[in-house]
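The residues making up each chain are set out below.
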Amino acid sequence: MTLAELARPAQDYSYAFLDEFAKREVRRRILKAIAIPGHQVPYASRELPIARGWGTGGLQVTLSIAGPHDIVKVIDQGADDSVNAVNLRRFIARMTGVATTSDAQLATIIQSRHRITEERLREGQVLVLQVPDPEPLRAVEPNISLAREMHADADYALMWLGLYEQVVRFGTFMTGASYPVVVHQRYLMSPSPIPRWDTPMLHQAAHLTLLSAGREKRLYAVPPYTDVRPIEFEDVFFQVENQQGRICEQSGAVNKFMNEIPQPDGSMCYQASDTGYVEKLVRRARGEPVAIGATYYDDDGTFYHPGYLKEQEPDHR
Amino acid sequence: MTSLAFDLPRLLTTAPLLRARRLTKHYGAIPAVAGVDLDVYPGEVLGIVGESGSGKSTILRLLNLEEAPDTGDYTLTIDGYRGRNLFTLDRYDRRALRVRHIGIVYQNPLHGLRMHITSSGNVAERLIMAGERRFATLRNAARDALDASEFPLARMDDIPRRLSGGMQQRVQLAKAIALQPMVLLLDEPTTGLDVSVQALVLDTLKRIQRELHVATIIVSHDLGVIRTLADRVLVMRHGRVVEHGLTDQVLDDPQDAYTQQLVAAKL
């Protein structure tokens with residue numbers, strides 16, 4: 001027997017690319033983040049073969065929690081087929097041996113940038129969101145040390161000053177993506193640049209959401225069944241983007257988050273942004289057997305937690 | 001049948017609202033404030049005069065709990081804070097006290113205002129800090145406070161950078177009085193304004209002080225301002241009080257040599 005036979009077979013990389021210490025670091029930080037919902041936990045963000053700012057935070061989380069039996073879906077702005085999504089998915093699959101899918105119902109881990117699926121996620125699923133800027137207070141407090149002090153004191157009054165300014169100047173809240181939310185009545189959190197449409201989906205969700213910023217080296221979490229409330233006034237309410245009257249030209253879906261596509265004649269047509277969902281609708285229309293789960297918003301645009309989204313009279317200035 | 005007994009002077013019957021003892025503050029080796037005692041009674045205006053560098057503004061910063069003194073006791077006769085040395089408050093209580101009970105107007109509006117936030121937003125900030133979360137309430141309170149400080153309401157949603165100096169001071173004043181504080185601190189509120197605007201702002205200050213009946217400390221090197229507003233006056237030099245008394249008394253019949261110089265000094 002030779003030494004070479006006793007040694008483990010030579011490998012170019014550890015399982016899931018990251019070495020064991022790196023994965024253990026991320027897993028420990030994830031546990032801490034889950035224990036303190038919405039609190040940003042610093043972690044040792046490693047170098048990956050993609051550039052910082054291109055999803056390294058989400059990728060490290062996915063690589064740390066994935067095992068060979070997982071099924072991974074990767075979303076980029078709702079799409080499964082964009083260059084970034086394809087690259088990340090291929091990398092994850094090659095490094096971990098997971099199966100991949102575009103079906104939100106089949107996936108166990110969903111890594112996403114800028115969107116949450118239209119179909120409701122269920123218990124046991126993990127949503128990993130890529131975060132460019134984890135600090136929701138950045139807009140009102142550029143000094144990060146002071147911002148941390150404000151988090152420690154739960155002193156978020158300045159955010160409401162920002163809301164006041166928006167209502168005075170524009171009549172409504174102007175924050176589009178990454179609308180700040182308060183998690184578990186305690187920490188102010190940036191939900192990553194998901195549209196306002198997706199923000200309510202985090203509230204009392206059955207799935208675990210992990211948010212990770214690789215460049216900023218911070219990760220945080222929304223555990224299952226946790227309160228997530230967008231900041232608003234008691235008399236001026238948070239509103240989602242109005243999708244009324246928009247019909248997806250591919251699938252006929254209504255009251256889902258739509259991409260606006262300008263046409264040569266100056267008009268607009270709409271496509272539902274969640275391509276995995278559209279694909280299933282199209283297949284069902286062709287007569288194929290597909291299981292389509294319940295969606296967060298029904299076809300009338302009603303959110304599945306009654307009373308969470310409130311109607312607003314037009315002008316209150 | 002009318003009573004022949006005279007009312008006792010108020011200063012004998014009422015307790016001071018604000019009481020500070022042995023205030024001392026050094027900046028390096030330089031004593032900015034060296035053992036100053038002062039009392040302010042409810043509804044009274046106390047003027048502090050002195051040349052630049054005499055420690056006037058430092059006293060206001062200490063009383064506004066912006067800085068910690070080297071030594072000193074500071075009490076306010078306000079429910080919840082009675083009998084506590086306010087210099088020993090933790091930062092939560094300190095913040096709550098400052099938001100609720102102390103209003104301040106700085107000489108330089110850059111210190112007191114957020115220049116990129118609308119004027120009404122600057123005023124509303126006070127209420128937001130105090131926990132108000134209804135937009136309509138914030139809006140109305142901001143409008144009322146700006147109106148009380150005679151700010152032109154048509155411009156309430158302009159940012160302070162676009163306003164004249166006098167208007168900026170009115171916004172600061174509105175912010176200071178938005179929650180009807182117990183103590184109003186004025187740090188050279190009219191310095192830097194031209195004389196006609198100064199007169200108008202002084203008028204407003206005087207009216208608000210009378211209406212709110214708020215204990216006020218005004219710091220100025222301008223004896224005219226002190227004479228107009230203050231009931232009592234402290235004269236300071238090199239961090240010490242050299243003379244104090246009723247305004248008319250001190251300014252018309254100064255006893256201390258330095259005060260005599262100060263009163264006599266005219267350009």
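Here, every reference points to the structure presented above.
Note that this is a predicted model, so its numbers are computed, not measured. (Residues numbered from 1 in each chain as written. Chains lettered and ligands numbered in written order. Predicted model: local features only at pLDDT ≥ 70, side-chain atom pairs only at ≥ 80, totals over all residues. Heavy atoms only, no water.)

**Some words on the overall build of chain A**
In step 1: Of regular secondary structure, chain A possesses seven helices and 12 strands.
In step 2: Over its C-alpha atoms chain A spans a radius of gyration of 21 Å, differing by no more than 12% from the 20 Å that the globule rule assigns to 317 residues.
In step 3: Its C-alpha atoms give chain A principal-axis dimensions of roughly 85 × 55 × 35 Å.
In step 4: Split into buried and exposed, the 317 residues of chain A put 54% on the buried side.
In step 5: If you take every contact in chain A between residues at least 6 apart in sequence, the share linking residues at least 24 apart comes to 63%.
In step 6: Per element, the accessible surface of chain A, about 14700 Å² overall, is 52% carbon and sulfur.
In step 7: Of note, chain A has its 34 positive side-chain charges centred 7 Å away from the centre of its 40 negative side-chain charges. (Helix = DSSP H or I, 4+ residues; strand = E, 2+ residues; numbered from the N terminus. Rg over C-alpha atoms; globule rule 2.2 N^0.38 Å. Buried < 20%, exposed > 50% of the residue type's maximum accessible area, 1.4 Å probe, protein only. Contact = heavy atoms within 4.5 Å. Areas by Shrake-Rupley, 256 points an atom, 1.4 Å probe, with all protein chains shown as cover. Lys, Arg positive; Asp, Glu negative; His and termini not counted. Charge placed at Lys NZ, Arg CZ, Asp CG, Glu CD.)

**Regarding the interface of chain A and chain B**
In step 1: Contacts between the two partners involve 18 residues from chain A and, on the opposite side, 22 residues from chain B.
In step 2: When chain A packs against chain B, close to 1800 Å² is buried across both sides, 62% of that on carbon and sulfur atoms.
In step 3: By the criterion of area lost to chain B, the three top residues of chain A are A:L161, A:Y164 and A:E234, representing 31% of everything that side buries.
In step 4: Here chain A is connected to chain B by four salt bridges.
In step 5: Note that A:D155 is salt-bridged to B:R95, the shortest N-O span being 2.9 Å.
In step 6: Viewed at the interface, chain B and chain A are joined by 12 residue pairs in polar contact (both at pLDDT 80 or more).
In step 7: Counting only elements with at least two residues in the side of chain A that touches chain B, the list comes to α5 (144-153) and α6 (157-170) of chain A.
In step 8: Counting residues per element, the side of chain A that touches chain B draws most heavily on α6(A), at nine residues.
In step 9: Of the residues assigned to the side of chain A that touches chain B, the class counts are nine nonpolar, one polar and eight charged. (Buried area = accessible area lost by both parts, 1.4 Å probe. Salt bridge = Lys/Arg side-chain N within 4 Å of Asp/Glu carboxyl O. Polar contact = N/O pair within 3.5 Å; in protein donor to acceptor, adjacent residues only side chain to side chain. Nonpolar A, V, L, I, M, F, W, Y, C, P; charged D, E, K, R; others polar.)

**Looking at the nonpolar core**
Looking at soluble globular proteins, one finds that nonpolar side chains tend to be buried together.
In step 1: Counting 71 residues, the largest nonpolar core has A:W160, A:Y164, A:M189, A:I231, A:F233 and B:V123 as the members making the most contacts within it.
In step 2: Per-element accounting of this core gives the leading share, nine residues, to α6(A).
In step 3: When residues of this core are assigned to domains, at least three map to each of domain 1 (20-230) and domain 2 (241-300) of chain A.
In step 4: Not counting residues within four places of it along the chain, the set of residues in contact with A:F233 comprises A:W160, A:L163, A:Y164, A:V167, A:F173, B:R133, B:R134, B:F135 and B:L138.
In step 5: Listed in part, the 34 residues of the second largest apolar core include B:V33, B:L86, B:F87 and B:A215. (Core = buried A, V, L, I, M, F, W, Y, C linked by side-chain atoms within 4.5 Å. Domains from an automatic or database assignment.)

**Quick word on the pairing of strand β4 (residues 71-76) of chain B**
Two faces belong to every sheet, and in a regular strand the side chains alternate between them.
Residue and element names in this part refer to chain B.
In step 1: With burial as the criterion, only one face of β4 is covered, namely that bearing G72, Y74 and L76; the residues T71, D73 and T75 on the opposite face remain uncovered.
In step 2: Judged from the five bridges that link them, strand β1 (residues 18-27) and β4 form a sheet pairing that is antiparallel. The residue bridging T24 from the neighbouring strand is T71, located in β4. (Pairing = 2+ DSSP bridges.)

**Considerations on helix α2 (residues 56-63) of chain B**
In step 1: Here α2(B) lies mainly inside the structure; six of its eight residues are buried.
In step 2: At the exit of α2(B) stands B:L65, carrying a positive phi of roughly 60°.

**As for the sheet that holds strand β5 (residues 126-130) of chain A**
Residue and element names in this part refer to chain A.
In step 1: With mixed pairing, seven strands are arranged side by side in an open sheet as β1-β9-β8-β5-β4-β2-β3. Unpaired on one side and paired on the other, β1 (41-42) and β3 (99-100) mark the two borders of the sheet.
In step 2: Here strand β2 (residues 71-76) runs beside β3; their pairing, made up of two bridges, is parallel. From the neighbouring strand, V72 faces β3, where its bridge partner is T100.
In step 3: Together, β2, β3, β4 (109-113) and β5 form the strand contacts of helix α4 (residues 83-96), whose direction differs from that of β2 by roughly 160°. (Axes fitted to C-alpha atoms, helices over the stretch in contact; angles between N-to-C directions.)

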